[in-house]
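Survey of secondary and tertiary structure
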Amino acid sequence: MVDALEAVRRALAPRGWVFDLQPDATYLPTVAVRDSRGRRSIGAIDREPDEDVIAAHEARERVVREGRFEQVASLRRTYITRFTSLSSFDADRRSHTPVWRLARGVRPRLIEAWRARRDGAVIETTRRMTIAVLRKRVG
Amino acid sequence: MRVSLADLSRGKSRAREVWNQTPVGWFREELGPSDIGGYPRPGIELRIIERFVSLSGRQIIEIGCGDGRLTFQYAPRARRVVALDANAAEIERARAEAERIGARNIRFLARPAEGPLPGAPFDVALFTWSL
């Protein structure tokens with residue numbers, strides 16, 4: 001990603017902006033079931049560190065450290081994604097590298113909550129992203 | 001085209017197919033794209049970005065655009081957009097959607113971000129979940 005940042009730096013106008021949106025490097029997503037009765041928290045998802053994510057954050061820090069960009073801000077934001085079935089939730093969970101695993105006891109609680117759901121229920125995962133704001137240095 | 005909730009429950013791959021065949025507006029109103037993947041709801045990322053700089057009238061390059069999930073959110077107000085992704089299949093889907101909705105100011109390219117980038121200079125670069 002350092003090469004990509006350098007290519008972008010060359011293509012940016014003076015004082016051009018870079019916004020780097022990535023998953024937060026280290027955080028534990030949580031899972032909940034929401035229906036007409038409200039939100040029921042189920043538990044945490046084991047999320048092993050993703051080397052690609054860590055490398056992306058390190059690359060950005062490096063180009064800032066080397067003076068190629070100025071870091072204007074680095075924000076963290078929590079957001080929720082929703083799934084309308086267990087299978088779509090599992091498909092997303094398995095799409096991650098390493099695969100997201102449910103913490104001990106979470107799977108049975110999730111299945112029980114999903115069986116008892118009311119109309120319009122969704123499975124919610126709470127996640128965290130970072131938004132780094134950089135500007136091209138001139139000179 | 002009408003897509004039922006049952007269609008969406010057959011896993012991410014099927015959901016992505018549905019997404020790719022479904023008008024963006026319908027999906028936003030009925031479910032929200034967050035039902036099919038790990039991204040924030042439409043508008044969240046742009047609201048954060050535009051706390052720093054308005055994207056209106058800007059020349060923008062996006063790295064890792066995928067199927068244009070974010071691109072189609074901001075492109076209507078950008079001056080022009082060059083959007084890259086190394087995944088040719090995703091770019092094909094993005095191009096098809098651009099054609100379908102008549103987006104004329106977006107150039108989708110199937111290529112990595114390394115090396116000289118076409119269309120410079122740009123005012124804003126977006127790295128969107130690109131690792």
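Our structure is the block above this text.
Residues numbered from 1 in each chain as written. Chains lettered and ligands numbered in written order. Predicted model: local features only at pLDDT ≥ 70, side-chain atom pairs only at ≥ 80, totals over all residues. Heavy atoms only, no water.

**Quick look at the packing of helix 3 (residues 86-94) of chain A against helix 4 (residues 106-115) of chain A**
Residues and elements named next belong to chain A. One way to put it is that helix 3 packs onto helix 4 with a least axis distance of 12 Å and a crossing angle of 150°. As summarised for this structure, helix 3 and helix 4 are arranged roughly antiparallel, according to the angle between their axes. Here Leu 86, Phe 89, Asp 90 and Arg 93 of helix 3 lie close against helix 4, whose contacting residues are Arg 107, Leu 110, Ile 111 and Trp 114. When its residues are assigned to classes, the contact of helix 3 with helix 4 shows 5 nonpolar, no polar and 3 charged. (Axes fitted to C-alpha atoms, helices over the stretch in contact; angles between N-to-C directions. Helix = DSSP H or I, 4+ residues; strand = E, 2+ residues; numbered from the N terminus. Parallel < 35°, antiparallel > 145°, perpendicular 65-115°, else oblique. Contact = heavy atoms within 4.5 Å. Nonpolar A, V, L, I, M, F, W, Y, C, P; charged D, E, K, R; others polar.)

**With respect to the interface of chain A and chain B**
How big an interface is tends to be expressed through the accessible area that disappears when the partners come together. Every contact between the two is made by 40 residues of chain A and, on the other side, 37 residues of chain B. Buried area between chain A and chain B, summed over both chains or domains, comes out near 3,200 Å², and the portion from carbon and sulfur atoms is 68%. Per-residue buried area on chain A facing chain B is highest for Trp 17, Phe 19 and Leu 21 of chain A; these three make up 20% of the total on that side. Where chain A touches chain B, the interface holds 0 salt bridges. At the boundary of chain A with chain B, the tally comes to 8 residue pairs in polar contact (both at pLDDT 80 or more). (Buried area = accessible area lost by both parts, 1.4 Å probe. Salt bridge = Lys/Arg side-chain N within 4 Å of Asp/Glu carboxyl O. Polar contact = N/O pair within 3.5 Å; in protein donor to acceptor, adjacent residues only side chain to side chain.)

**Quick look at the pairing of strand 2 (residues 80-85) of chain B**
All names here are of chain B. The element strand 2 is largely enclosed, with a buried count of 5 among its 6 residues. Judged from the 5 bridges that link them, strand 2 and strand 3 (residues 106-110) form a sheet pairing that is parallel. Bridge pairing links Val 82 to Arg 107 in strand 3. The handedness of the strand 2 to strand 3 crossover, carried by helix 6 (residues 88-101), is right-handed. (Buried < 20%, exposed > 50% of the residue type's maximum accessible area, 1.4 Å probe, protein only. Pairing = 2+ DSSP bridges. Right-handed = clockwise from strand over helix to strand, strands pointing away.)

**Some thoughts on the side chain of Thr 125 of chain A**
Residues and elements named next belong to chain A. Counting through the fold element by element, Thr 125 comes out in strand 6 (residues 122-136). Polar side-chain contacts of Thr 125 include one of 2.5 Å to the side chain of Thr 81. Looking at Thr 125, its side chain comes within polar contact range of the side chain of Arg 127, at 3.0 Å.

**Comments concerning helix 4 of chain A**
Residue and element names in this part refer to chain A. All of the buried residues in helix 4 are Val 106, Leu 110, Ala 113 and Trp 114. Along the long axis of helix 4, the arc covered by the buried residues comes to 100°, so they all point the same way. Counted as exposed and oriented over 90 degrees from the buried face of helix 4: Pro 108 and Arg 115. Looking at the buried side of helix 4, the elements it contacts are strand 2 (30-35), strand 3 (38-46), strand 4 (69-83), helix 3, strand 5 (101-102) and strand 6. (Arc of directions from axis to C-beta.)

**Describing the nonpolar core**
In a soluble, globular protein the nonpolar side chains are often hidden away together inside. Ranked by size, the top nonpolar core spans 32 residues in total, and within it Phe 19 of chain A together with Ile 60, Tyr 74, Val 81, Phe 108, Val 124 and Leu 126 of chain B carry the most contacts. Discounting chain neighbours no more than four positions away, the residues touching Val 124 of chain B are Leu 12, Trp 17 and Phe 19 of chain A together with Val 53, Leu 55, Gln 59, Ile 60 and Ile 61 of chain B. Membership of the second largest hydrophobic core comes to 22 residues, among which are Val 8 of chain A together with Val 82, Leu 84 and Leu 117 of chain B. (Core = buried A, V, L, I, M, F, W, Y, C linked by side-chain atoms within 4.5 Å.)

**Focus on the environment of Val 33 of chain A**
Its place among the elements puts Val 33 of chain A in strand 2. Beyond its immediate sequence surroundings of up to four residues, Val 33 of chain A is in contact with Gly 38, Arg 39, Arg 40, Ile 42, Leu 110, Ala 113, Trp 114, Val 122 and Ile 123 of chain A.

**Side note on the packing of aromatic side chains**
Going through the model one piece at a time under the given rule, you end up with 6 aromatic pairs over all chains. Note on Phe 83 of chain A and Phe 89 of chain A: the rings are 6.1 Å apart at their centroids and 70° apart in plane angle, and the pair reads as edge-to-face. Through pairs of rings, three or more aromatic residues link up here, namely Trp 17 and Phe 19 of chain A together with Phe 52 of chain B. It is Arg 69 of chain B that lies over the ring of Tyr 39 of chain B; its NZ or CZ is 4.0 Å from the centre. (Phe/Tyr/Trp six-rings, centres within 6.5 Å; stacked < 30°, edge-to-face > 60°. Lys NZ or Arg CZ within 6 Å of the ring centre and 35° of its normal.)

**Re unusual backbone geometry**
Among all residues except glycine, the phi angle is most often negative; among peptide bonds, the trans geometry is most common. Residues Thr 97 of chain A and Pro 98 of chain A are joined by a peptide bond in cis, for which omega reads -10°. As for its position among the elements, Pro 98 of chain A is in the loop between helix 3 and strand 5. The omega torsion of the bond from Ala 120 of chain B to Pro 121 of chain B falls at 5°, within 30 degrees of zero and hence cis. Within the element layout of this structure, Pro 121 of chain B appears in the loop between strand 3 and strand 4 (122-128). For Arg 15 of chain A, which is not glycine, the phi dihedral falls at a positive 65°. By the element assignment, Arg 15 of chain A lies in strand 1 (residues 12-23).

**Brief notes about the environment of Arg 68 of chain A**
All names here are of chain A. Mapped onto the fold, Arg 68 is located in the loop between helix 2 (51-65) and strand 4. Taking C-alpha positions, Arg 68 is 9.2 Å from Leu 5, a pair spaced 63 residues apart along the chain. In this structure Arg 68 touches Val 2, Glu 6, Arg 9, Arg 62, Val 63, Lys 136 and Arg 137, once residues within four positions along its chain are discounted. At 2.9 Å, the side chain of Arg 68 forms a polar contact with the side chain of Glu 6.

Remember that the coordinates give geometry; whether it matters functionally is a separate question.
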